[in-house]
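Structural overview for review
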Amino acid sequence: MTDIDVTDLLVEAPLPALRLLAEAIDREFVRRQPADSTPFEYAAAQLGVDPTDLVVLEECPELAVTHAVGHWLHEAQARWGLDPVGSVPAGPAMTQSIPGAAGDVRGYAAVSVLLPAGTLGAVPVVARIAPHRFGPDVQLIGRAADNAVLPELFESFLRTCRAESPYRRGAYRVVVSDAGLLLQRWTGRAATRDHLKLDPSVWHTVDRRVHRVIDLADDLAARGLGTSTGLLLVGPPGTGKTQLGTVVAHELAGRATVLVPDTTVTEHSLTDLFELASDLSPSLVLMDDLDLIVGERGETNPHRLREFLNVMDGGLADRSGVVVIASTNDHRKIDKAARRSSRFDTVIKMEAPGVEGRLAILQRYLAWSNADLDLPAVARATDGATGADLKELVRATVLETSDAVTTAALLAQARAGGWREPKPAAGQYL
Ligand SMILES: Nc1ncnc2c1ncn2[C@@H]1O[C@H](COP(=O)(O)OP(=O)(O)OP(=O)(O)O)[C@@H](O)[C@H]1O
Ligand SMILES: [Mg+2]
């Protein structure tokens, strides 16, 4: 009996179909014999052993982790002058660009490379990235004689690559791809606290619950204290909830990884998202319009709600340095369980501003004007207006008066008061 190994099966399996196809188009079917060695024959030759004396350890980690592995190997190649080939040895090693926190970097997408003894560990291994349609595999191929130390070496290899991930402390939009979650660089509109006029108590809470937690993540984790928090922003449309998240994201630039998930991610890949967040910690996850995901039980997909609660509960509690800022129009739509203290331990109410708040917002949007304006009067005339309404009021006045803004024109817009009409809350279209 002859031995059949997996590579033979891969080569043999499509043959009948190819034969049929050749017949159908009236061509002769000729099978070319692969002249080159298989990845395992290559690894065996590099390690100086027989292919039957190999141990292959394999994982299919999150895409971001594989990218980190590819980047680490690329750096290792430059550091030690290694000589890599493709994931199939006949092909060249392939690199790709990775949008790292400190700019684009290169990493291997498909590669086999010998890491001699003394580089990764005490024993030599061949590291391999083998791309597949549903996500690349990372392999560490070693000698059977070194079997005792290889699993630990593989673990520490992946740990090192994760720790040195080029994505760490960058800002990313997270989208779903065939191969898993993909990170695309996120810039968000430039925004500072100066732009967003909120009650000082809001910023005080943000400082305590977000900035301090991120800064002390390692300390808190070392003392066994929870280092993950959830901040829930509750308020009507236009009160600055999304903008607050953007401001905090900018403030944390370079200190934490910022992840802004697409709705498909929040709908289908929450567990993976939080694994990614904890992998790249300290991190901030911005989840806008939470009620679209976690509405009242019965209204929302119960599976999604359960997943969300599990992730927030077990997952977040064990993970260090993951802060979530979520927003909703109507906290009653957020299931009670999701509001329980361990999940969102801080709730910030974002109401329409009072008269002083309105004045500050008007001053902010009219700071460019040197006309003598009675803004306190406009603030008094705009009861119930949100920040977004006031911004729109100023914009409408500018358009109306061709830039020659006057108190009377502002007051006329205030009387028209478009914001007084009831508007649907963003979370109600489920
Ligand atoms: N307090 C404020 N100071 C200055 N600008 C504000 C304030 N509140 C809202 N705005 C402006 O209004 C616009 C809308 O704000 P934002 O998108 O953050 O509202 P939101 O609360 O997320 O609304 P929604 O619930 O509809 O998503 C932004 O351009 C923002 O800058
Ligand atoms: Mg919003």
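Just so it is clear, the model here is predicted, and its values are computed rather than measured. (Residues numbered from 1 in each chain as written. Chains lettered and ligands numbered in written order. Predicted model: local features only at pLDDT ≥ 70, side-chain atom pairs only at ≥ 80, totals over all residues.)

1. Some points on the nonpolar core
By size, the foremost hydrophobic cluster in this structure holds 80 residues, and its most contacted members are Val 248, Val 258, Leu 259, Leu 273, Leu 284 and Ile 325. If you tally residues by element for this core, the top one is helix α4 (residues 63–80), at six residues. The residues that make up this core include at least three from each of domain 1 (33–163) and domain 2 (200–349). Excluding residues within four positions of it along the chain, Ile 325 makes contact with Leu 231, Leu 233, Gly 245, Val 248, Leu 284 and Leu 286. (Core = buried A, V, L, I, M, F, W, Y, C linked by C-beta atoms within 7 Å. Buried ≥ 20, exposed ≤ 12 C-beta atoms within 10 Å, placed from the backbone. Helix = DSSP H or I, 4+ residues; strand = E, 2+ residues; numbered from the N terminus. Domains from an automatic or database assignment. Contact = placed C-beta atoms within 7 Å.)

2. Comments concerning the site of ligand 1
Neighbouring ligand 1 are 21 residues, the closest being Pro 237, Gly 240, Thr 242, Gly 387 and Ala 388. Listing elements by their share of the shell around ligand 1, those giving two or more residues are α8 (241–251), α13 (355–365) and α15 (387–400). Among the residues forming the shell around ligand 1, the class breakdown is seven nonpolar, ten polar and four charged. For the shell around ligand 1, the domains that each give at least three residues are domain 2 (200–349) and domain 3 (355–420). (Near = placed C-beta within 6 Å. Nonpolar A, V, L, I, M, F, W, Y, C, P; charged D, E, K, R; others polar.)

3. Looking at the sheet that holds strand β1 (residues 54–59)
Sheet architecture is open: five strands sit in the order β1-β5-β4-β3-β2, paired in antiparallel fashion. If you trace the sheet from one side to the other, it starts and ends with β1 and β2 (94–100), each paired once. Put simply, the sheet's adjacent strands are angled 35° from each other on average, direction ignored. In terms of strand pairing, strand β3 (residues 103–115) meets strand β4 (residues 125–130) through five bridges, oriented antiparallel. In the strand pairing of β4, Val 111 is matched with Ile 129. (Pairing = 2+ DSSP bridges. Axes fitted to C-alpha atoms, helices over the stretch in contact; angles between N-to-C directions.)

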